[in-house]
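Chains, contacts and geometry: an overview
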Amino acid sequence: MVARGRRRQSCASEKGGSETGPSPVDRARSGSKHHLLVDATGIPLAWTVTGGNRHDVTQLIPLVDRVPPVRGKVGRPRRRPERLTADRGYDYDSHRRQLRERGIRPEIARRKTEHGSGLGRHRWVVERTFAWLHKLKRLLVRYDRRQEIHEAFLAIGCCLVCFRRLQNSL
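Keep in mind the model is a prediction, meaning the values are calculated, not measured. For every chain, the first residue of its written sequence is number 1, and the numbers climb from 1 along that sequence. Local features in this predicted model are restricted to residues whose pLDDT is 70 or higher, and side-chain atom pairs enter the listing and the counts only when it is 80 or higher, whereas totals over whole chains, interfaces and linings include all residues. Where side-chain values are given, they derive from all heavy atoms of the structure, hydrogens and water being excluded.

1. Notes on helix α5 (residues 147-169)
- What counts as a helix is a DSSP run of H or I of at least four residues, what counts as a strand is a run of E of at least two, and both are numbered from the N terminus. How far a helix is expected to stretch is found by multiplying one less than its residue total by 1.5 Å. A rise of 1.5 Å per residue sets the reference length of α5, with its 23 residues, at 33 Å; its end C-alpha atoms lie 33 Å apart and thus fit the reference within 8%.
- For every residue, the accessible area (1.4 Å probe, protein chains only) is compared with the maximum for its type, and the residue is labelled buried under 20%, exposed over 50%, or partly exposed between those bounds. Along α5, the positions that sit buried rather than exposed are Gln 147, His 150, Glu 151, Leu 154, Gly 157, Cys 158 and Val 161.

2. Some remarks on the pattern of salt bridges
- A pairing counts as a salt bridge when a side-chain nitrogen of Lys or Arg comes within 4 Å of a carboxyl oxygen of Asp or Glu. The tally for this structure, following the rule as stated, stands at ten salt bridges.
- The salt bridge involving Lys 33 is made with Asp 56; its shortest N-O contact spans 3.2 Å. With Lys 33 in strand β4 (residues 30-38) and Asp 56 in the loop between β5 (44-51) and α1 (60-65), this pair connects stretches of sequence that are 23 residues apart.
- One salt bridge in this structure joins Glu 148 and Arg 146, with 3.4 Å as the shortest N-O distance.

3. Some points on the nonpolar core
- Formed by 14 residues in total, the largest nonpolar core has its most connected members in Leu 37, Leu 60, Val 64, Leu 84, Tyr 90 and Leu 99.
- Of all the secondary structure elements, the ones that give two or more residues to this core are α1 and β6 (83-86).
- A total of four residues in this core trace back to one element, the largest contributor, which is α1.
- Every residue pair with non-hydrogen atoms within 4.5 Å of one another is taken to be in contact. Not counting the four nearest positions on each side in its chain, Tyr 90 is found in contact with Asp 56, Val 57, Leu 60 and Ile 108.
- If you look at the next biggest cluster of nonpolar residues, it comprises twelve residues, including Val 49, Val 126, Leu 154 and Val 161. Nonpolar cores were defined as sets of buried Ala, Val, Leu, Ile, Met, Phe, Trp, Tyr and Cys residues, with membership established by side-chain atoms within 4.5 Å.

4. Concerning a nonpolar patch on the surface
- Together, Leu 140, Val 141 and Tyr 143 make up a nonpolar patch on the protein surface, roughly 290 Å² of accessible area in all.
- By the secondary structure assignment, Tyr 143 is in the loop between α4 (137-140) and α5. The patches reported here contain residues having more than 30% relative accessible area and no salt bridge. Joining distances are 9 Å for like charges and 5 Å for nonpolar side chains (Val, Leu, Ile, Met, Phe, Trp, Tyr). Accessible surface area values rest on a Shrake-Rupley calculation with a 1.4 Å probe, where residue burial reflects the displayed protein chains alone.

5. Considering the confidence of the model for the protein chain
- The predictor attaches a confidence to each residue, and that confidence, scored 0 to 100, is pLDDT. Looking at the protein chain, the pLDDT average stands at 79 and 74% of residues meet or exceed 70.
- Here strand β1 (residues 2-4) is the element of the protein chain with the lowest mean pLDDT, 48, and helix α2 (residues 93-101) is the one with the highest, 92.

6. A few points about the pairing of strand β7 (residues 105-108)
- One bridge is not enough; two strands pair if DSSP finds at least two bridges between them. Alignment of β6 against β7, held across four bridges, turns out to be parallel. In the strand pairing of β7, Ala 86 is matched with Ile 108.

7. Some thoughts on the pairing of β4
- Where β4 and β5 come together, seven bridges link them in antiparallel fashion. The residue bridging Leu 36 from the neighbouring strand is Trp 47, located in β5.
- Counted along the chain from β4 to the antiparallel partner β5, the turn is five residues long, and its residue Gly 42 has a positive phi close to 100°.

8. Considering the environment of Ser 30
- Secondary-structure assignment places Ser 30 in strand β4.
- Taking the relative accessible area as the measure of exposure, Ser 30 reaches 55% and is therefore exposed.
- In this structure the C-alpha to C-alpha distance between Ser 30 and Arg 142, which are 112 residues apart in sequence, comes to 9.9 Å.

9. Description of the side chain of Thr 48
- Along the chain, Thr 48 turns up in strand β5.
- For Thr 48, a relative accessible area of 10% corresponds to the buried category.
- Discounting chain neighbours no more than four positions away, the residues touching Thr 48 are Lys 33, His 34, His 35, Gln 59, Leu 63, Arg 66, Glu 151 and Leu 154.

10. So, α2
- By the burial criterion, the buried members of α2 are His 95, Arg 96 and Leu 99. Burial along α2 is one-sided: seen end-on, the buried residues are contained in an arc of 105°. Of the exposed residues in α2, those oriented more than 90 degrees away from the buried face are Asp 93, Arg 100 and Glu 101.
- Turning to α2, the residues buried within the fold contact α1, β6 and β7.
- Following α2 by one or two positions, Gly 103 has its phi on the positive side, about 80°. The directions from the helix axis to the C-beta atoms are what the arc is built from.

Structure (structure tokens):
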């Protein structure tokens with residue numbers, strides 16, 4: 001880091017950047033993780049970037065809290081989804097309880113049970129959205145040292161996904 005004025009900015013020799021960490025699957029190379037919350041059709045509702053070594057469940061409640069109000073029927077706009085479908089990595093009783101307190105029904109596969117819970121028929125939607133986002137090379141490989149820049153490109157990618165979905169529905 002180099003001090004410039006009142007802020008500290010990364011210098012050219014610094015490796016990685018903010019919000020990176022050793023990836024558990026890629027021989028401990030530095031990397032970052034994208035976390036998404038999507039609706040039933042694959043439209044991104046909330047997103048964030050963390051280091052590659054952060055557990056997914058740490059971002060569940062912050063993502064749910066970032067969902068904007070959904071407009072639709074006359075009356076007070078719905079702020080939260082009705083249900084949340086997730087894989088085994090999110091199976092913690094404390095998080096289930098927090099979701100229920102927010103009026104969200106959790107549909108999370110239990111850990112240490114056999115596969116075949118049937119959640120895969122809903123879970124593929126978020127995987128498809130990740131595939132749409134990772135078509136953008138700038139999101140697939142992180143070139144930016146600053147987390148804010150990479151998260152801005154992730155936001156632009158989510159906007160492009162929404163735009164393409166809207167364009168195809170017309």
